[in-house]
Amino acid sequence: MLLPKETEFPLIEMNNFYLKVLTLADAEVINNHFSDEHITKYLDIEPCKDIEQAVTIIQYHMEDAGCRWGIFTKEDDTFIGTCGFHYLRNSNNIFTAEIGFDLSRDQWGKGIMFEVLQQIIAFGFTQMGLDVIDATVEQANERSQKLMNKLGFQRASELRENLVYYYLSREKKRINKIR
């Protein structure tokens, strides 16, 4: 078993958005979303050129031990991005997953990802039993670095593979709630 708990990845609802696990039925919206080079600029994928590339992205996440949710607006069911956990690992009974996220350009700067990531971070610690959530961010991606700081992630002192490494422990999150 990779995680300390068996995990179901449910629909997660917020005031204005809901998160739904991506399936192959989402290939068209994924293709449209990831065909924007501004969205993929700081991701480890190239912009989608066709629907088959979108299918490959979805299949990767379906076969991964983690989860990738689509972010949809409640108002009109518009797809606006993705988020989730991947690269799950257990080292000396410390369960860690990397968080990943992206958002449609017309939604940038509205605080949406802060709201969404708060929900999935809580899910990761409480439902998945994670001890640590980490993230890697391109050095030039200032928006994501600001978001990691705002969410309480700690920045590692050294780069890893030329990326800025962030981490948040369950214990740190608990301490912050007490304060």
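What counts, and where the lines are drawn
- Residues numbered from 1 in each chain as written.
- Predicted model: local features only at pLDDT ≥ 70, side-chain atom pairs only at ≥ 80, totals over all residues.
- Heavy atoms only, no water.
- pLDDT = per-residue confidence, 0-100.
- Helix = DSSP H or I, 4+ residues; strand = E, 2+ residues; numbered from the N terminus.
- Contact = heavy atoms within 4.5 Å.
- Buried < 20%, exposed > 50% of the residue type's maximum accessible area, 1.4 Å probe, protein only.
- Axes fitted to C-alpha atoms, helices over the stretch in contact; angles between N-to-C directions.
- Parallel < 35°, antiparallel > 145°, perpendicular 65-115°, else oblique.
- Nonpolar A, V, L, I, M, F, W, Y, C, P; charged D, E, K, R; others polar.
- Pairing = 2+ DSSP bridges.

1. A word on the confidence of the model for the protein
Turning to step 1, where the next piece is worked out: For the protein, the mean per-residue pLDDT works out to 91, and 92% of the residues sit at or above 70.
Turning to step 2, where the next piece is worked out: Mean pLDDT values over the elements of the protein span from 57, in helix α6 (residues 170-178), up to 97, in strand β2 (residues 17-21).
Turning to step 3, where the next piece is worked out: Contacts of residues 174-179 to residues separated by more than four positions or lying in other chains number zero contacts, the stretch itself having pLDDT below 50.

2. Re unusual backbone geometry
Turning to step 1, where the next piece is worked out: In this structure, asparagine 93 is a non-glycine residue whose phi angle is positive, near 60 degrees.
Turning to step 2, where the next piece is worked out: Note that asparagine 93 resides in the loop between β4 (79-91) and β5 (94-103).
Turning to step 3, where the next piece is worked out: Judged by relative accessible area, which is 58%, asparagine 93 ranks as exposed.
Turning to step 4, where the next piece is worked out: A positive phi angle is found at glutamate 161, which is not glycine, with a value near 50 degrees.
Turning to step 5, where the next piece is worked out: Looking at where glutamate 161 falls in the secondary structure, it is placed in the loop between β7 (154-155) and β8 (163-169).
Turning to step 6, where the next piece is worked out: For glutamate 161, a relative accessible area of 76% puts it in the exposed group.

3. Details of the packing of helix α1 (residues 27-34) against helix α3 (residues 51-63)
Turning to step 1, where the next piece is worked out: Where α1 meets α3, the closest approach of the two axes is 8 Å, and the angle between their N-to-C directions is 105 degrees. It follows from the interaxial angle that α1 and α3 lie roughly perpendicular. Mapping the contact onto sequence places Ala27, Glu28, Ile30, Asn31 and Phe34 in α1 and Ile51, Ala54, Val55, Ile57 and Ile58 in α3.
Turning to step 2, where the next piece is worked out: Its residues assigned to classes, the contact of α1 with α3 comprises eight nonpolar, one polar and one charged.

4. Overview of the pairing of β2
Turning to step 1, where the next piece is worked out: Two elements, strand β1 (residues 12-13) and β2, share two bridges in a ladder whose sense is antiparallel. Each residue of the ladder has a partner; that of glutamate 13, found in β2, is tyrosine 18.
Turning to step 2, where the next piece is worked out: Here β1 hands over to β2 after three residues, the two strands then running antiparallel side by side.
Turning to step 3, where the next piece is worked out: Relative to strand β3 (residues 67-73), β2 runs antiparallel, the two sharing five bridges. Counterpart to tyrosine 18 in the pairing with β3 is phenylalanine 72.

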